[in-house]
Amino acid sequence: MNNAKKVISKYKLASIAAFVFTILTVQSKNKLHPSDSFHNNLTAVQDTIKPGKKFTLPNVAPKINADTFPTRNKNGAIDTTIVIKKDTIDFKISKDSLDAVVEYNADDSMILDVPSKKITLYGKKASTQYKDNNVSAPVIEFEQATGNITASIKRDSSGKVIAMPTIKQGDMTSQSDYIKFNTKTLKGITKSTYTQQGEMYVYGETIKKINTDIFYVKRARITTCDLDTPHFAFVSNRIKFINKKLAITGPVHPEFEGVPIPIYLPFGIYPLSQGRHSGFLAPQFTSNMQYGLGLEGFGYYKVLSDYWDVTVRANVYSYGGWTLNINPIYTKKYRYNGNLSFSEQNFKSNFKGDPDYSKSRDYNIQWSHAVDSKARPGVSFSASVNAASSGYNAHVPDNPYRNITNQLYSTIQYSKTGTLEGFGDGWKDKTYNLTIAANHDQNTLDKLININLPDVGFSISTIYPFRKKEAVGTPKWFENLGIGYNGNAKSRFSFYDTAGNILKHLRDTLQYGAHHSIPITLSLPPVGAFQFSPSISYDETWFQTKSVKTWDSTAKKLDTAFTKGFYTARDMSFGVGVSTRIFGMIASKNKNSKIQAIRHEITPTLGFSYHPDLNKRNYYFAQTDTTGHNFSQFSYFSDRNIGSPYASNHSGSITFGVDNNIQMKVRSKKDTANGGLKKVSLIDGLSFRTSYDLFADSFALSLFNINASSNLFNKVNITAGANLDPYDADAKGQRIKTLLWNRKPLSFGRLLSGNVSISSQFRGGDKSKTTSKPELKGYDYTRSGYTSDEYQNELAYIRNNPGEYADFNIPWSVNFSYALTIDRPFNQIMQAFKTNFSQNVNFGGTLNLSPKWQIGVNGSYNITLGQLGIIPISISREMHCWQMSINISPVGRIRFYSINISPKSGLLRDMRINRTRSFQDGF
C-alpha cells in the first residue's frame, strides 16, 4: 500500500473525497481515536480549490513521522529512498463549495450525514468558525449544500437553559435562542436576541442581519442597563442599526421597570459612534434667582480635522441675559495638546425699572497648551492663560466658589536645555537652561492688571575649571571648585481695565531690570564625621530708575524725584558651613515587648558668612518730619524698580541650627514582614535656627525660628512653627538692645508669630481598594485639554454636587483639619502688645445609611469670627444604572440647593432631571 497509486479521473462528490482524505491524513499523523473530541477543518482542502484548476495532493514526504510510518530498513531506520510523488487530479469543483476554511469543534459528539451533506455538532462549547464569523451553541447544524449554519438552545429535563447560542461577527456579539446564518451571503436571522452596541444594550424579538454593518430589529428594547430585565428602556417596534454609527427607530416610548410610559416620540436617533462626530448639544433647564428661568449648555460640536474640533455653547435666561462660549480644542498625539476658550456674558438682573435692576457685559479668554516631553527632548512650551474683565467671575451663575475668586493668573513659558558645544571641546558636557516667559496677574476688586513681558532666565550648570578631561584616580581638592551662573532679565507694566488710554499707562508704568548671580562652591571630602562646605557668591543687579527723597518745608511733606537711566549695584558674600549627624538608640531587652527600640537622630549645622558693605554709596539720609532732627536712611533704588536694593551693612554672621528626627520600632501582629517589626515616626522634624552677627553694634542676635512636623502613626498630620525675638521691647513697642533673658531668665524669647495645623482622615471598608471618587489635588489639568478655568469649574461642580460622585465602596469616612495662627502686634491705642488668634476648622464625612443610600457633609467654621462657611450636604442614591443626588448648602453668604436624577451612562448624560436654585445676601 506504501507504493500504491490511484488516479481518480472523475468523481461526482469531490468535496467528500477531499474530506475523507483530510480525515485519513490527520488520523495517520495524530493517532486520533473515536473517544477523542473530534476537532478538524471541515472541507479544509476542497474549500480552497478554485473552479477549473488542477487539484494537487500535498507532498507529505518532509513531514514523515518515524513512529507511524511503517516502511523501515533492517536497522529500524526510515527508508529515505522512498519518495511520495504528487498525484494530479482533474475534476470539476462543486457549486456548493466555500471560499474559506470552516473550523469546527464538538465537545460531545458529531453526526456526519454524507448523502444529505449535513454535519451536526453537540456539546456545551460546540462552535464553528468561518472567516470572522464565529457561532457557538449546544447544537449546531451545518448544511453544505445551502451554506446554512443553524444553532439552537438546549434545556435540561427540568426546562432550565443549559447553554445559549452566541454569534460573533466582527466587533458585534449577540446571544439568542435561535440563530440561522448563511456562510455564502453572510446574512442571518436570530430570535430573542441580546446584543451590545458600545454602551447600549439591545434586545430584539427578531433580528435580521443584512450584512456586517446593517441589521433590523423587530419589537426592540434599547437601554444602557446591563440587566436581563432592565430598570429602564426605550421600546420600539422597528429599529435599524448601522454598526458603530447610529440606530434609527420608528415611534418610540420609554419604559420603567417594565411599565410603559405613555410619552411617544415619532422617531429616535441614537448615536453609536465610538470616536468623535459632529452634532448638536442638548440644553439643560435651570432656574436662577438673579437671571430668571433659563436653558443652559445648548450648542453645537464640530469636528474640524483629525487634530482640531470646536464647541459652541450658549445660555439664555428669561430676564434677558445670555452667555456665549467658543471653545476650540487641538490635540496631536505624542506632540502637543491645547485648549482655547472665549466667553462673553451679557446679563440683566431683575426687571428694568426696579431699584435693584442692573446690566453687565463681561469677557473671559483662556488658553492652555502642553507639549509632550518626548516630542522635542530638551525643549518645552506651555501656556496657562486666564484673563477676564473685572466683573466676570462675580456674574457666573450657580458657582459660589467662582463668584468669590478675585485673583486671575496667566503664564506662557518656553524653555530649552542644551550643551555649550560651540565654546570648545571642554564645554561639550556643560549644560545650560534658557527660559522665556510672560506672566499676568489680575485683581478683580481693584481692577489692576500687571504683566511681566518678557521674563528671560539663563543659567549654566556648575563648571569645574581645574578638572582634567580624563580623570585618573581620586581628584585633588581644588579640582572640586565649581563655578555657576544664573541670570534673569524682565520688564513689567500695569494698567487698570477701566483706563481710557491704555498705551499711555503702559509707557508710564514700564519697568525693566536684570539680575546676575555667580555662585562659587567647593566640595571637600569629609573630615572624619564632619562635612565642610565653603562658598562664595557674587551678585549684580541692573536698575532702571534712581530716586531721591527730599523734605519740602513749604508743603511739609516728603517729595521724591525720579531719574531714568542705567544703574548698577553689586554685592558679595563669603561663607563656610559644617554639618554632622549624631545617632542615639534605646533598645528593649525584652524581645516580646511592644516597643522594641527608639532611635533619635540629631543633625547640627554650623556656618560662618561674611558680607562686606559694597553698597554704602547707594544709600543716603533724608529728613522725615518738621522737627529737622529725625532722619531716615533710604536707597536710591527702592522705588519704581523691579529688583530690590542690596542691604548696606557690614556683617559677619555665625549661623546655628539643629534638626531632630525620632522614630520608634514596634512589633506588629498584622505585618509579619521584617520579623514582624515596623517603623513608626514620632517626630519627622524638630528644628531650631538662628544667627549672630559679629560686626553688628546692636541686635546682633537674629530671630529664633522653630519648626516641627509629625505624622503620628500615619494618621494624624501635625505641623507647627514659631518666630521668637530674643530682645525686649519698650513701652512704645519698639525693640530695644536689652535681651529679654535679663528681665525673664526662664523665657526663651518674645513670641512674634506662630502657627499650628492638625489634619487627619479615616475611612472604613477595605483599605486596599482604590476609591472611585475623583481626586481634587495634584492633577495636571493641562494634560486633559482643560483650561485652568474649566478645571476650576469642574472642581467647583464636584464640591457643590458631591452626591454625584459618591463612592459606595466606603461605608463611612471622616476628615477634619484645624488651623491656628497667632501674631502679637503692638496696639497703639492700648499701648501694649495684643495677641491675635485666628482659628479655622474644616470638616467632612460620608456615611452609608444602607448599601444604596449615602449621606455626606463638608464645611468650615471660623472659630475666631464665629461664622460658618459654605456647608454642602449631599444625599446620594445608588440606582444601578441611574443615580440620584440631592445637594443642599443651607448656611453661608451664598446658599443653594440642587436635585439631580440622571443615567450613569455618558451616552445619556443629557437625559437628566435637574432643579437648581441659589440665594445670595440673605434673599
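Here the residue numbers are simple positions, counted from 1 along each chain's written sequence. Selection of residues for local features in this predicted model requires a pLDDT of at least 70, selection of side-chain atom pairs for listing and counting requires 80 or more, and totals for whole chains, interfaces and linings are taken over all residues. Excluding hydrogens and water, the side-chain values take into account all heavy atoms of the structure.

## Quick word on the overall build of the protein
Point 1. Every helix listed is a DSSP run of H or I at least four residues long, and every strand listed is a run of E at least two residues long, numbered separately from the N terminus. In terms of helices and strands, the protein carries 5 helices and 57 strands.
Point 2. Out of the 923 residues belonging to the protein, those deemed buried represent 35%.
Point 3. Counted over contacts in the protein with a minimum sequence separation of 6, partners at least 24 positions apart contribute 51%.
Point 4. Split by element, the accessible area of the protein, about 54000 Å² in all, is 57% carbon and sulfur. Each residue gets one of three labels from its accessible area relative to the maximum for its type: buried under 20%, exposed over 50%, partly exposed in between, using a 1.4 Å probe on protein chains only. Any two residues whose heavy atoms approach within 4.5 Å are treated as being in contact. Residue burial considers only the protein chains on display, and all accessible areas are found by Shrake-Rupley using a 1.4 Å probe.

## So, the nonpolar core
Point 1. Only buried residues count toward a nonpolar core. Its members are Ala, Val, Leu, Ile, Met, Phe, Trp, Tyr and Cys residues joined through side-chain atoms within 4.5 Å. In this structure, Val217, Phe232, Ile239, Phe241 and Tyr270 are the most contacted members of the largest nonpolar core, which totals 20 residues.
Point 2. Residue assignment for this core shows that the elements contributing at least two residues are strand S15 (200-209), strand S16 (214-223) and strand S17 (232-242).
Point 3. Here Phe232 is in contact with Thr223, Thr224, Cys225, Glu255, Phe256, Cys881, Trp882, Leu908 and Met911, once residues within four sequence places are set aside.
Point 4. In this structure, Tyr104, Leu121, Phe142 and Ile179 belong to the second largest nonpolar core, which totals 14 residues.

## A word on unusual backbone geometry
Point 1. Here Leu453 and Pro454 are connected by a cis peptide whose omega angle stands at -10°.
Point 2. Locating Pro454 in the fold gives a position in strand S32 (residues 448-463).
Point 3. Unlike most non-glycine residues, Lys117 shows phi in positive territory, near 55°.
Point 4. Note on placement: Lys117 falls in the loop between strand S5 (109-113) and strand S6 (118-130).

## Here we look at a nonpolar patch on the surface
Point 1. Like charges within 9 Å and nonpolar side chains (Val, Leu, Ile, Met, Phe, Trp, Tyr) within 5 Å are joined into patches, using only residues over 30% in relative accessible area that form no salt bridge. For this document, the term salt bridge refers to a Lys or Arg side-chain nitrogen within 4 Å of an Asp or Glu carboxyl oxygen. Residues Phe285, Leu293, Leu295, Phe298, Val312, Val316, Trp322, Leu324, Ile326, Phe342, Tyr363 and Ile365 make up a contiguous nonpolar surface patch of roughly 970 Å² in combined accessible area.
Point 2. Secondary-structure elements contributing two or more residues to the nonpolar patch are strand S24 (292-303), strand S25 (308-317), strand S26 (322-332) and strand S28 (358-371).
Point 3. Mapping Phe342 onto the fold places it in strand S27 (residues 336-349).

## Section: the pattern of salt bridges
Point 1. Scanning all chains against the criterion turns up 12 salt bridges.
Point 2. Put simply, Arg581, Arg599 and Glu601 are held in one network by salt bridges that share partners.

## Regarding the pairing of strand S30 (residues 407-419)
Point 1. When DSSP locates at least two bridges between a pair of strands, those strands are taken to pair. In this sheet, S30 lies alongside strand S29 (residues 379-388) in antiparallel orientation, the contact comprising 6 bridges. Looking at the pairing, Val379 lines up with Lys416 of S30.
Point 2. Judged from the 13 bridges that link them, S30 and strand S31 (residues 431-443) form a sheet pairing that is antiparallel. Paired with Thr419 across the two strands is Thr431, which belongs to S31.

## Looking at the packing of aromatic side chains
Point 1. Aromatic rings from Phe, Tyr and Trp, with only the six-membered ring used for Trp, were paired whenever their centres fell within 6.5 Å, and each pair was classed as stacked if the ring planes differed by under 30 degrees, edge-to-face if by over 60, and tilted otherwise. Applying the stated criterion across every chain yields a total of 32 aromatic pairs.
Point 2. Ring centres of Phe688 and Phe748 lie 5.8 Å apart, and the angle between their planes is 55°; this geometry places the pair in the tilted category. With a gap of 60 residues between them, Phe688 in strand S42 (residues 677-693) and Phe748 in the loop between helix H4 (740-743) and strand S47 (750-763) connect regions that are remote in the sequence.
Point 3. Given a relative accessible area of 17%, Phe688 falls into the buried group.
Point 4. Accessibility expressed as a relative area gives 44% for Phe748, which makes it partly exposed.
Point 5. Linked through ring pairs, Phe656, Phe688, Phe704, Trp741 and Phe748 together constitute an aromatic cluster.
Point 6. Only Lys NZ and Arg CZ are tested; either one counts as a charge over a ring when it is within 6 Å of the ring centre and within 35 degrees of the ring normal. Lying over the aromatic face of Tyr307, Lys332 brings its terminal NZ or CZ to 5.2 Å of the ring centre.

## Some words on the environment of Phe837
Point 1. Mapped onto the elements of the fold, Phe837 is located in strand S51 (residues 836-850).
Point 2. The sequence separation of Phe837 and Ile822 amounts to 15 residues, and the corresponding C-alpha distance is 4.9 Å.
Point 3. Other than its neighbours up to four places away in sequence, Phe837 contacts Leu820, Thr821, Ile822 and Thr864.

## Re the environment of Ile888
Point 1. Within the secondary structure, Ile888 sits in strand S55 (residues 882-889).
Point 2. Sequence-wise, Ile888 and Thr916 are 28 residues apart; in three dimensions their C-alpha atoms are separated by 9.8 Å.
Point 3. Not counting the four nearest positions on each side in its chain, Ile888 is found in contact with Ile871, Pro872, Ile873, Phe896 and Tyr897.

## Points about the side chain of Thr128
Point 1. Looking at where Thr128 falls in the secondary structure, it is placed in strand S6.
Point 2. Residue classification places Thr128 among the buried positions, given a relative accessible area of 5%.
Point 3. Among all residues touching Thr128, those that are not within four sequence positions of it are Glu103, Tyr104, Leu121, Asn133, Asn134, Val135, Ile140 and Ile149.

## Some thoughts on the pairing of S27
Point 1. Within S27, 10 of the 14 residues are buried, which leaves it mostly tucked inside the rest of the structure.
Point 2. Relative to S27, S26 runs antiparallel, the two being bridged by 9 bridges. For Trp322, the partnering residue across the bridge sits in S27 and is Asn346.
Point 3. Between S26 and S27, which follow one another and run antiparallel, lie 3 residues, and Tyr334 among them has a positive phi close to 65°.
Point 4. With 14 bridges joining them, S27 and S28 adopt antiparallel strand pairing. Bridged to Gln345 within S28 is Asp362.

## Examining the environment of Asp213
Point 1. For Asp213, the position within the fold is in the loop between S15 and S16.
Point 2. The spacing of Asp213 and Ile242 is 29 residues in sequence and 5.5 Å in space, taken between C-alpha atoms.

## Overview of the side chain of Ser491
Point 1. Its location among the elements puts Ser491 in strand S33 (residues 481-496).
Point 2. Ser491 sits in the buried class, given a relative accessible area of 11%.
Point 3. Counted as a polar contact is a pair of N or O atoms within 3.5 Å, where, for protein atoms, one must be capable of donating a hydrogen and the other of accepting one, and residues adjacent in sequence contribute only when both atoms are in side chains. At 2.2 Å, the side chain of Ser491 and the backbone oxygen of Leu453 are in polar contact.
Point 4. The residues contacting Ser491, other than those within four sequence positions of it, are Ile451, Asn452, Leu453, Pro454, Leu510, Gln511, Tyr512 and Ile642.

## Some remarks on the confidence of the model for the protein
Point 1. By definition, pLDDT measures how confident the predictor is in each residue, and it falls between 0 and 100. Residues with a pLDDT of 70 or more make up 83% of the protein, whose mean pLDDT is 81.
Point 2. Contacts from residues 1-69, a stretch scored under 50 in pLDDT, to residues over four places away or in other chains number 92 contacts.
Point 3. Here residues 772-787 is a poorly scored stretch, pLDDT under 50, and it has 34 contacts once near neighbours within four places are set aside; other chains count.

## Considering the state of the cysteines
Point 1. Cysteine sulfur atoms that come within 2.5 Å of each other are treated as a disulfide pair. Inspection of every chain in the model, using the stated rule, returns 0 disulfides.
Point 2. Of all cysteine sulfurs in the structure, the one in Cys881 sits closest to Cys225, which takes part in no disulfide; the separation is 3.6 Å.
Point 3. The buried category is assigned to Cys881, whose relative accessible area is 5%.

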